[in-house]
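As a plain string of letters, each chain reads:
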Amino acid sequence: MNNNEAMSLALKVAREAVENSGDVPVGAIILNSAGEVIATGNNERELHNDPSAHAEIVAIRRAAEITGSWRLDSHTLVVTLEPCAMCAGAIAQARIPRLIFGAWDTKAGAVGSVWDVLRDPRSIHAIEITSGVLENECAALLKEFFEGHRERK
């Protein structure tokens, strides 16, 4: 599966967040070394009243449960939005070696926008990062959500 195909799947998962819980549409998938999807996650903060239930964290928890290990050192995380500091920390702690993300988060991004947690030379783990995959589609989904959200208030 190429990066665009993987991001398209993550976008599908992001749309499910809105449909299932009305949460911000961020989607994440975790691929194993064969490129197969083993776990997905979307934002579930509203659903569970859990501030840590970001798409990345949800997907990492599911992948760890499925693999029986907290070490996801042969996996790839694909997410529609640049991870925040909390999620970047979780990615490093899970030893995920590859991160692919779509839209940049200029307010809270921690993979180059506001901070660069994962590429900091003091980081505990080196991660290969690919950014901007289907960036316009990922950003448009978020923009559409927030414009609609403001109109309802």
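It should be emphasised that the depicted structure is a prediction, and the values quoted were computed from it without experimental measurement. (Residues numbered from 1 in each chain as written. Predicted model: local features only at pLDDT ≥ 70, side-chain atom pairs only at ≥ 80, totals over all residues. Heavy atoms only, no water.)

Undergrad: Would you take a moment to explain the sheet that holds strand β1 (residues 27-31) for this structure?
TA: Strand-to-strand pairing in sheets goes through backbone hydrogen bonds, with the strands running parallel or antiparallel. Spatial strand order, β2-β1-β3-β4-β5: five strands in an open sheet with mixed pairing. What marks the edges here is a single partner per strand, and that holds for β2 (37-42) and β5 (128-130). Neighbour to neighbour, the strand axes of the sheet diverge by 15° on average, direction disregarded. Across three bridges, strand β4 (residues 98-103) lies against β5 in parallel orientation. (Pairing = 2+ DSSP bridges. Helix = DSSP H or I, 4+ residues; strand = E, 2+ residues; numbered from the N terminus. Axes fitted to C-alpha atoms, helices over the stretch in contact; angles between N-to-C directions.)

Undergrad: Could you clarify how one ought to interpret unusual backbone geometry in this entry?
TA: Glycine aside, negative phi is the norm for most residues, and most peptide bonds take the trans geometry. The phi dihedral of R95 is positive, around 65°, even though this residue is not glycine. With respect to the helices, strands and loops of the structure, R95 is situated in the loop between α4 (85-93) and β4.

Undergrad: Can you walk me through helix α1 (residues 3-21) in this structure?
TA: A turn of α-helix holds 3.6 residues, and therefore any two residues three or four places apart point the same way. Taking 1.5 Å of rise per residue, the 19 residues of α1 would be expected to cover 27 Å, and the 27 Å separating its terminal C-alpha atoms lies within 8% of that figure. Turning to α1, its buried residues number three or more, namely A6, M7, A10, L11, V13, A14 and A17. Each buried residue of α1 lies within a common arc of 165° when the element is viewed along its axis, so the set occupies one face. Turned more than 90 degrees from where α1 packs its buried face, K12, E19 and N20 sit exposed. At the N-terminal boundary of α1, the capping side chain belongs to N2, with an oxygen 3.0 Å from the backbone nitrogen of N4. (Expected span 1.5 Å × (residues − 1). Buried < 20%, exposed > 50% of the residue type's maximum accessible area, 1.4 Å probe, protein only. Arc of directions from axis to C-beta. Polar contact = N/O pair within 3.5 Å; in protein donor to acceptor, adjacent residues only side chain to side chain.)

Undergrad: Would you explain the pattern of salt bridges in this entry?
TA: Should their charged atoms come close, side chains of opposite charge can pair. Enumeration according to the criterion identifies eight salt bridges in this entry. The closest approach of N and O atoms between E44 and R62, which form a salt bridge, is 2.9 Å. A residue pair is termed long-range when its members are at least 10 positions apart, and E44 in the loop between β2 and α2 (45-48) and R62 in helix α3 (residues 55-67) qualify at 18 residues. One salt bridge in this structure joins R61 and D50, with 4.0 Å as the shortest N-O distance. Taken together, the residues R61 in helix α3 and D50 in the loop between α2 and α3 connect sequence positions eleven residues apart. Assessed through its relative accessible area of 23%, D50 is described here as partly exposed. (Salt bridge = Lys/Arg side-chain N within 4 Å of Asp/Glu carboxyl O.)

Undergrad: Got a minute to help me understand the side chain of H125 in this structure?
TA: Looking at the element boundaries, H125 is found in the loop between β4 and β5. Residue classification places H125 among the buried residues on the basis of a relative accessible area of 17%. Within the local environment of H125, its side chain forms a polar contact with the backbone oxygen of I96, the two atoms lying 3.3 Å apart. When residues no more than four places from it in sequence are discounted, the contact partners of H125 are A92, R95, I96, P97 and L118. (Contact = heavy atoms within 4.5 Å.)

Function cannot be inferred from these measures alone, as they are strictly geometric.
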